[in-house]
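This is what each chain is made of:
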Amino acid sequence: MADEPNRDARHHAQQLRRYYRKVVGALRGADEIYICGPGEARTELRKVIEALPNGAARIRAVQPADKMTERQFTSPTRGRSTSSRVRERGGPGLMHRCGCGRRR
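Residues numbered from 1 in each chain as written. Predicted model: local features only at pLDDT ≥ 70, side-chain atom pairs only at ≥ 80, totals over all residues. Heavy atoms only, no water.

Enquirer: Give a detailed account of the overall build of the chain, specifying residues and quantitative values.
Expert: Along the backbone of the chain there are 5 helices and 2 strands. What you see in the chain, going N to C, is helices and strands ordered as α-β-α-α-β-α-α. Sequence-distant contacts, at least 24 apart, represent 51% of the contacts inside the chain between residues at least 6 apart. (Helix = DSSP H or I, 4+ residues; strand = E, 2+ residues; numbered from the N terminus. Contact = heavy atoms within 4.5 Å.)

Enquirer: Give me the pattern of salt bridges: which residues, what numbers.
Expert: Under the definition given, this model contains 2 salt bridges. Glu 32 is the salt-bridge partner of Arg 60, the closest N and O atoms lying 3.4 Å from each other. Taken together, the residues span a long stretch of sequence, with Arg 60 in strand 2 (residues 59–64) and Glu 32 in the loop between helix 1 (4–26) and strand 1 (33–37) at a distance of 28 residues. For Arg 46, the salt bridge is made with Glu 50, and the minimal N-O distance between the two is 2.9 Å. On the criterion of helical spacing, the pair formed by Arg 46 and Glu 50 is a turn pair, its members being 4 residues apart in helix 2 (residues 39–50). By relative accessible area, Arg 46 is classed as partly exposed at 35%. (Salt bridge = Lys/Arg side-chain N within 4 Å of Asp/Glu carboxyl O. Buried < 20%, exposed > 50% of the residue type's maximum accessible area, 1.4 Å probe, protein only.)

Enquirer: Provide a residue-level description of unusual backbone geometry, including the pertinent values.
Expert: A positive phi angle, near 65°, is found at Asn 54, a position not held by glycine. Note that Asn 54 resides in the loop between helix 2 and helix 3 (55–58). In this structure Asn 54 comes out as exposed when scored by relative accessible area, which is 54%.

Enquirer: Just give me the short version of the packing of helix 1 against helix 2, but keep the residues and values in it.
Expert: Where helix 1 contacts helix 2, the axes come no closer than 10 Å and their chain directions differ by 60°. Crossing geometry of helix 1 relative to helix 2 is assigned as right-handed. Each of Leu 16, Tyr 20, Val 23 and Val 24 in helix 1 lies in contact with helix 2, whose residues at this interface are Ala 41, Glu 44, Leu 45, Val 48 and Ile 49. (Axes fitted to C-alpha atoms, helices over the stretch in contact; angles between N-to-C directions. Left-handed = near helix turned anticlockwise from the far one by under 90°.)

Enquirer: Account for helix 2, with residues named and values stated.
Expert: Here helix 2 is 12 residues long and its end C-alpha atoms lie 17 Å apart, about the 16 Å a rise of 1.5 Å per residue gives. Taken as a whole, helix 2 has its buried residues at Arg 42, Leu 45 and Ile 49. One side of helix 2 carries all its buried residues, which in axial view fall inside an arc of 70°. Along helix 2, the residues that are exposed and aim more than 90 degrees away from the buried face are Glu 40 and Lys 47. Against helix 1, strand 1, helix 3 and strand 2 lie the buried residues of helix 2. (Expected span 1.5 Å × (residues − 1). Arc of directions from axis to C-beta.)

Structure (structure tokens):
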């Protein structure tokens, strides 16, 4: 039973690594990256992206955010051309927190 908390922590860390890999995969063609989100998640994602070749150079801003409206979410990119990949997926918008890719 004493090993159970360690096992849970390892499982959680593994899930986070898998999730960050998916996020990084979705950002593969992005020239600029804006990171916003709560506490440690924002910082951890930044570290993962910075570890990639040319990753740190693509990060334009990192901002704390808990809940954001769609307008607040898209304001840093307003006035910039939108990549065809974003347009194909229906434009920028709020995604489900679970990372499934569905829009709210």
